[in-house]
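One-letter residues, chain by chain:
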Amino acid sequence: MSAAPLASSPTDPGSGSKTLQHAGPDRRRRVLGRLGQLGWQGRLLLGLVIAAVLAGTAAFTWLETAFRRADRYARSGLWPETRTELARYLWLHPRSDAAHLSFAEACVRDEALSRADGIAWATSHLQQVPDQSPLAAMARSQQGRMELLLSLRPYRAEQYFRQAIQVNPRAIDPYFMLWKLGDLTGRSHLYEAEFWKVHEASTPAERGGRLREWFMSQFFPATANPELDGVIGSFDVERNAARTEARRYIQFRDAEPDGPYGYAALGRWFEQEGDPKFALAMLEKGEKEAPASERDPLFLASLVNALIAVGELERAAAVVDRWSATRDGYEYWLSVGQVRHELRQDLEGALEAYGNALQFWPGPADWRTLNRQVACLNRLRRTDEAAKLRERIAKLEALTSDAKLRSLRTALGAIDQPTRVAELVAFYRELGRTREMRAWEDHASWLRQR
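Since the structure is predicted, the reported quantities are computational estimates derived from the model, not experimental observations.

Helix and strand counts for the protein chain come out as 25 helices and zero strands. When contacts within the protein chain are restricted to residue pairs at least 6 apart in sequence, those whose partners lie at least 24 apart make up 53%. Carbon and sulfur atoms make up 52% of the accessible area of the protein chain, which amounts to about 23,300 Å² in all.

Below you can see the structure in the form of structure tokens.
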């Protein structure tokens, strides 16, 4: 037992770099003779030193392998044991980003911890992964997921997802989660670019499923993500989609009273349900409580809609004039068009603004804004143009009718059949959405080549 430590120990002074192992026969005899002359106390001390070295080596090896043990426990769903092993590993490697990420996951999944404690512990570990780390995007995205799905704070969640993209623009999870955040907060139309990033990064086998999810985001956003509603806990007991949606928005507002997304979603929801006065009260509270509301296009547009609905046109115009969000996109141009149309009687300007709004989703399916254009054309006595536009509206209403959309929803359940995919190709062709049409065509071609 003692041969190995002795063989790796330096010799007595004056021996240079040589060890006992390489010493000559006379020298080895002298050293061993000295060891033999040690009393029992010396031999005991030497044995204890050797035992300590061996024990230390074993302990170091045991700590080094803690990460592998933690991984085995995690695969079995043994989260308390996973945390214990990771804590041991982090004692030895406190800067291991992979261990911090694994520890955060174990904290969130461990039902032995309260939700508050699990989130707090997970957050503390994720914050220890610096932005310079190769795992930084994953850590920031995980922080965003916790904020959105566990803490129910979508505005804060978005900041983490944006930060993840900033540190690694090739990371796909934050784009995916931004798209889903849009669905959950009634603003899916603002995240089209994020969807296409996810679609492009998907494999051919995955793209049909992504396109199916995108269709649901476009036409059934309230029920597009039942699994996430289950995580959030917003399902209405009767599975009523409208009540589920409203409950989710209320949860977001209550959990994040200083963020604009809950107020914006509720304001839009109540305005569409025919209660603009309550919508306005909700949005006015958001103006006071959530400073970022002045930079949120959905919030500003919802405020304009509510003000116009209750007849406060001057206030609506003031919101548009001080618009601090990006001055482009569907929400901005629709708000501009309404103010020009309803208040300023600038019909040509309103037509232009409405036309700009229609270039952005949901513009291609928005027959209501086309009706606003018809009203402007009639007042300008451009009756021929108005008549052509009414024909387009009639076709669009039929194309997006409840019966048609239900039929397409059925086709979404059979996207492994090229004939059913052809229905979706035809739908997007008639709608004038070239990118979706071509994406579905590519999926049908992939099906035929399999």
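That shown, we press on.
What follows deals with the packing of aromatic side chains. Evaluation of the coordinates by the stated rule reveals 19 aromatic pairs. Relative to tyrosine 428, the ring of phenylalanine 215 lies with its centre 6.4 Å away and its plane at 90 degrees, an arrangement referred to as edge-to-face. Taken together, the residues phenylalanine 215 in helix α12 (residues 204-219) and tyrosine 428 in helix α24 (residues 418-431) connect sequence positions 213 residues apart. Each member of the pair, phenylalanine 215 as well as tyrosine 428, is classed as buried. Taking 5.0 Å as the distance between ring centres and 85 degrees as the angle between the ring planes, the aromatic pair formed by tryptophan 269 and phenylalanine 270 counts as edge-to-face. For the pair tryptophan 269 and phenylalanine 270, one class covers both residues: buried.

Another aspect to go through is unusual backbone geometry. Looking along the chain, the bond that leaves tryptophan 361 and enters proline 362 is cis, with omega of 10 degrees. Position of proline 362 among the secondary structure elements: in the loop between α20 (347-357) and α21 (367-379). The phi dihedral of arginine 381 is positive, around 60 degrees, even though this residue is not glycine. Tracing the sequence through the fold places arginine 381 in the loop between α21 and α22 (383-399). Note on arginine 381: relative accessible area 73%, which makes it exposed.

So, on to the side chain of histidine 125. Within the secondary structure, histidine 125 is located in helix α7 (residues 115-126). Within the local environment of histidine 125, its side chain forms a polar contact with the side chain of histidine 100, the two groups lying 2.9 Å apart. Look past the residues within four positions of histidine 125 in its chain and what remains in contact with it is Leu90, His100, Phe103 and Ala104.

With that settled, consider the environment of proline 260. Among the secondary structure elements, proline 260 is positioned in helix α15 (residues 260-272). Linking proline 260 and glutamate 287, residues 27 residues apart in sequence, is a C-alpha distance of 8.1 Å. Setting aside residues no more than four positions away along its own chain, proline 260 makes contact with Tyr155, Ala290, Ala292, Ser293, Asp296 and Phe299.

An ideal rise of 1.5 Å per residue puts 21 Å on 15 residues; helix α8 (residues 136-150) measures up with 20 Å between its terminal C-alpha atoms. Those residues of α8 not exposed but buried are Ala136, Ala137, Ala139, Arg140, Ser141, Gln143, Gly144, Met146, Glu147, Leu148, Leu149 and Leu150. Of the residues flanking the end of α8, it is leucine 152, one or two places downstream, whose phi is positive at about 60 degrees.

Time to look at the packing of helix α10 (residues 173-184) against helix α11 (residues 192-201). Between α10 and α11, the least distance of the axes is 8 Å, while the angle of their chain directions is 135 degrees. Here α10 lies oblique to α11, going by the angle between them. Between α10 and α11 the crossing geometry is left-handed. Contacts between α10 and α11 involve Tyr175, Phe176, Leu178 and Trp179 from the former and Glu194, Phe195, Lys197 and Val198 from the latter. Residue composition of the contact of α10 with α11, grouped by class: six nonpolar, no polar and two charged.

Turning our attention to the confidence of the model for the protein chain. Parts of the prediction with low pLDDT should not have their coordinates interpreted in detail. Here the protein chain averages 88 in pLDDT, while 85% of its residues score no lower than 70. Confidence drops under a pLDDT of 50 for residues 1-23, and excluding neighbours within four residues, the segment shows 19 contacts in the predicted structure. In this model residues 53-62 is a low-confidence stretch, pLDDT under 50, and it forms four contacts with partners more than four residues away in sequence or in other chains.

Moving on, we come to helix α9 (residues 154-167). For α9, which comprises 14 residues, the first-to-last C-alpha distance of 20 Å matches the rise-based estimate of 20 Å (1.5 Å per residue) to within 8%. Taken together, the buried positions of α9 are occupied by Pro154, Ala157, Glu158, Phe161, Ala164 and Ile165. Down the axis, α9 shows its buried residues gathered within 120 degrees of arc, on one side only.

Before going further, it helps to examine the nonpolar core. Of all hydrophobic cores here, the largest spans 95 residues; its most connected members are Leu148, Phe215, Phe219, Phe427, Tyr428, Leu431 and Trp440. Setting aside anything within four residues of it in sequence, one finds leucine 148 in contact with Arg153, Pro154, Ala157, Met177, Leu181, Leu184 and Phe252.

As a further point, take the packing of α9 against α10. In contact at an axis separation of 9 Å, α9 and α10 are set at 155 degrees when each is read in the N-to-C sense. What the angle tells us is that α9 and α10 run roughly antiparallel. Relative to α10, α9 is oriented so that their crossing is left-handed. For the pair formed by α9 and α10, the contact residues are Pro154, Ala157, Glu158, Phe161, Arg162, Ala164 and Ile165 on the first element and Pro174, Tyr175, Met177, Leu178 and Leu181 on the second.

Glancing now at the environment of arginine 156. Position of arginine 156 among the secondary structure elements: in helix α9. Look at arginine 156 and you get partly exposed, because its relative accessible area is 29%. Separated by 105 residues in sequence, arginine 156 and tyrosine 261 have C-alpha atoms that sit 10.0 Å apart. Those residues within four positions of arginine 156 in sequence are excluded, and the remaining contacts are Glu147, Glu256 and Asp258.

Here the focus is the environment of tyrosine 155. Looking at the secondary structure, you find tyrosine 155 in helix α9. By relative accessible area, tyrosine 155 is classed as partly exposed at 21%. Considered as a pair, tyrosine 155 and glutamate 256 are 101 residues apart in the sequence and their alpha carbons are 7.9 Å apart. In contact with tyrosine 155, other than residues within four places in its own chain, are Glu256, Gly259, Pro260, Tyr261, Ala292 and Arg295.

What counts, and where the lines are drawn
- Residues numbered from 1 in each chain as written.
- Predicted model: local features only at pLDDT ≥ 70, side-chain atom pairs only at ≥ 80, totals over all residues.
- Heavy atoms only, no water.
- Helix = DSSP H or I, 4+ residues; strand = E, 2+ residues; numbered from the N terminus.
- Contact = heavy atoms within 4.5 Å.
- Areas by Shrake-Rupley, 256 points an atom, 1.4 Å probe, with all protein chains shown as cover.
- Phe/Tyr/Trp six-rings, centres within 6.5 Å; stacked < 30°, edge-to-face > 60°.
- Buried < 20%, exposed > 50% of the residue type's maximum accessible area, 1.4 Å probe, protein only.
- Polar contact = N/O pair within 3.5 Å; in protein donor to acceptor, adjacent residues only side chain to side chain.
- Expected span 1.5 Å × (residues − 1).
- Axes fitted to C-alpha atoms, helices over the stretch in contact; angles between N-to-C directions.
- Parallel < 35°, antiparallel > 145°, perpendicular 65-115°, else oblique.
- Left-handed = near helix turned anticlockwise from the far one by under 90°.
- Nonpolar A, V, L, I, M, F, W, Y, C, P; charged D, E, K, R; others polar.
- pLDDT = per-residue confidence, 0-100.
- Arc of directions from axis to C-beta.
- Core = buried A, V, L, I, M, F, W, Y, C linked by side-chain atoms within 4.5 Å.

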